Structure formats: C-alpha cells, structure tokens
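The residues making up each chain are set out below.
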Amino acid sequence: MKRGAPATDSLRRNRDFQLLCAGQGLSMLGSGAAAVALPLLVLQVTGSPLRVGLVEAVWTGSLALACLPSGPLADRFDRRAVLLVCEAGRAAASAALAAAVVAGLASLPVLLAAGAVLGFLTAPFNAAALPLVREVVPEAKLATALTVNQVRGQAAYLLGPVVGGALFGAGASLPFWLDCASYTVSACCLLALGVRPGVPAGPREGWWPSFTTGLRFLWRERLLRRLTLVASAQNLALDGVYLAVVVTVAREGASGLSVGMVTATSAAGAMVGVVLVPLASRHLDSSTIVLSTGVVCAALVGAMALAPESAVLAALLAGCALAVAVSGSVMTLARLLHTPARLQGRVNSAIGLLFMATPPLGATLAGALLDELPAATVFLVFAALLAACAAASPGRGVFRPPGPGDAEADRTPETGRAEVSAAD
C-alpha cells in the first residue's frame, strides 16, 4: 500500500479518494462550462471568428508551454500543495474575468490574459492530480480508481458545456462565477484530505535535463514518435473542427444552451468510446485501430460540410470523439509499455507538450478560414488534413512489443541497474 493510503480497500469508504473525486469532478465541470462560454463571449464582444481563434490559441498554447515544467514540478514538490496553488490561482483568474464581464471591461486583452493564466495553471494541476490518487488508493484498487477518474472526467465534460451554455444565456458572467466556485470547492476538498504526501522521494535531476529528458527519449522511440506526431496533427484539425462547429451553430442564432448541448455531445461520444475500447482491442490489432479511427474521423468531418445543421453537427462531433477515445487507448498503452518506469512522468509531459502545441494553430487557422470562407469549405479542409493523418499512421511493423533491448535502456548511469519505481 502506498504511504498515506487508507487501511480500507473499499473506494466508497475511502474518504480521501471520495474528496479527490468530488473536488476534481467539480473543477472539471467548471472548466467545461468556461470552455464553451469563452468563445461565445469573444464572439459577442468582437464579432470576429479570428479573434475567437486567437483567444482559444492563447488558452491552449499557455497550457502547452506549461506542460514540460509541470512534470518536474509534480516530482519535486508536495503534490497536494501544487494542486492547492493551481486551484487558488484559477479561482482568482476566473473571478477576475467574471468581474470584468460584469463591469463591461471584458476587452480582447483581458480575455487573452485570462486564457493565459488559466492555461498555465491547468498543466501542473494535471501533472500532480494522478500521482496524488496513488497516495490515497491501495495498489489493489488503483486500476478501479483510475477508471472511476476517467468516467468522472467525461461526465463532467458532458455536463459542463450544457451548464455553461445555459448560464451564458442567462448572464455572460455566470459561467465564470461557476468556474471560480468549482475551483474554490476543489481547493477546500484538498485541504480536507487526511493524507499528507510531502515532497516525493528519490534522486533529483537538474531542471533543464528534467525538461528535455522526456523529449529526447520520445524522439528515439520510433513508435511513440510516430504516434505522437500523428496524434498532434489530429489535435490541430479536431480543435479547428470544434471551433468551426461552435461558430457555425452560433451564427445560426442558437442560444448559449443550444451551443453547449451541441459541444457536450463530444464528451458523450468519448464516454461511449471508453466503453468500446476493450471490445475493439479484442478484435482488432493496434495499427488497424489507429488507421480505422483516423479514417472514420476524416469521413465524419467531411460529412459536416454536407449537412451543417446543429443536430447533425452534434451527432458527427460525437462520432469523432468516440473514434479519438478508442485510438487514444492505443497511445496510452504504447506509452506505458515502451517507456521505462523512471521516465513515465517526463515522457508524459513531453507528449502533453506536443499534444497541446498544435490545437492553438488549429483554432487560429479555423478562425482565419471562417472569416473568409463558408463553413462547409472549412470542414472539408480539416477533413483532408485528418485523411492525411490517417494515411501517416504507423503500420503493423512499427507496433512491436518491447523486447530485452528496451529494458536495457532503463539503466541509470549512477547504479548500472534497471529502475523499477512506479510509473505515473
């Protein structure tokens, strides 16, 4: 059992785990509400899809920049303290943004600044959250706890856009007040934890090597490099598709609630995808899953150009999210199998950086294209990009099980032996 884990094996009776679930679930719900309200607010203030794309790019770009230092931060400091600082900062930023909306001061620079702060604080929160779960859950229940976390996250992202859209229709500042309240409750749950994990044990690496070790390893591993680059390009296209759906539905005069319900279907599709992952893995090999889901995404986005009605866009967006959830399981499994235990956190940060570096480009591209071209043309552009990503997906020869040579790569120069520490 991990240090600080409760004596009981029941997750229902595990007070610390239930506090983490409640706090982080509310935090995610608030983030989902703000995520749909922010583009609607920018569109309301500026009337420009390009500016909507710029604000989205700053938000996700800040998150991407913060990914690499977030891994070392979570491994150097008390993870509970890291989460508390992030939640306090995000609550303050959300409250400031809500107050600016109420005061009529929500100009483009204010929106850009709020997006940057929220993005920078989200990355270290994500890096420290799962390791803290390991501190409060017995080893035998860890897999179940992670599944509960995944379902909780998708449920929060399903409800968040609906709630955010409805609140935005009642008052533009309300989704951001909700966001502030959710972060505040999450911080209170962290303060109430019985476990006190302290500073993680183990040897310390210099800051710069900590930032670059994961990237260097990722570049050397052919399969992980290929999967990450393809998935990053898909993220660019899908973030552009998401923004194009929001702008298209909003331009039709739909209410904030309607926009939220349309975008929430992506979370519903992802939840179905999570359920289908074991079935797909039993009947298809990894390369076939990546290729087929890529083709499905390209076809669904292409269909958006043919029928841009809100209900149809919602269904097609859900289908894309389902496909991405299934293919994402392949990426996760490959990372766990092909990455040495001692590098899991840093490699995960490197992958997170590359995953989050491309969505800002997709949002900016979508905004620029929507300023000049019909929505149908924009959807076709992104469908072509997704088709190219599917064509570039790794073949069966690249998906090889890790062999003895891979284990040798996990030797440390200090001891000459393989590390066997638990991975994040």
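Residues numbered from 1 in each chain as written. Predicted model: local features only at pLDDT ≥ 70, side-chain atom pairs only at ≥ 80, totals over all residues. Heavy atoms only, no water.

Trainee: Which residues make up the overall build of the protein chain, and what are the values?
Mentor: Scanning the protein chain from N- to C-terminus turns up 16 helices and zero strands. The buried share of the protein chain, taken over its 424 residues, is 53%. Counted over contacts in the protein chain with a minimum sequence separation of 6, partners at least 24 positions apart contribute 86%. Carbon and sulfur atoms make up 68% of the accessible area of the protein chain, which amounts to about 17700 Å² in all. (Helix = DSSP H or I, 4+ residues; strand = E, 2+ residues; numbered from the N terminus. Buried < 20%, exposed > 50% of the residue type's maximum accessible area, 1.4 Å probe, protein only. Contact = heavy atoms within 4.5 Å. Areas by Shrake-Rupley, 256 points an atom, 1.4 Å probe, with all protein chains shown as cover.)

Trainee: For the packing of aromatic side chains, give the residues involved together with the corresponding values.
Mentor: Evaluation of the coordinates by the stated rule reveals zero aromatic pairs. Its end group placed over the ring of Phe125, Arg90 keeps NZ or CZ at 4.6 Å from the ring centre. The aromatic ring of Trp219 is capped on one face by Arg225, whose charged end is 5.0 Å from the ring centroid. (Phe/Tyr/Trp six-rings, centres within 6.5 Å; stacked < 30°, edge-to-face > 60°. Lys NZ or Arg CZ within 6 Å of the ring centre and 35° of its normal.)

Trainee: With reference to specific residues and values, describe the packing of helix H2 (residues 49–65) against helix H14 (residues 359–372).
Mentor: Relative to each other, H2 and H14 sit at 180 degrees, their axes nearing to 7 Å. Between H2 and H14, the angle is such that the two are roughly antiparallel. Along its contact with H2, which presents Pro49, Leu50, Gly53, Leu54, Glu56, Ala57, Thr60 and Gly61, the element H14 presents Pro359, Pro360, Ala363, Thr364, Gly367, Ala368, Leu370 and Asp371. When the residues that make up the contact of H2 with H14 are grouped by side-chain class, the tally is nine nonpolar, five polar and two charged. (Axes fitted to C-alpha atoms, helices over the stretch in contact; angles between N-to-C directions. Parallel < 35°, antiparallel > 145°, perpendicular 65-115°, else oblique. Nonpolar A, V, L, I, M, F, W, Y, C, P; charged D, E, K, R; others polar.)

These figures capture arrangement, not role.
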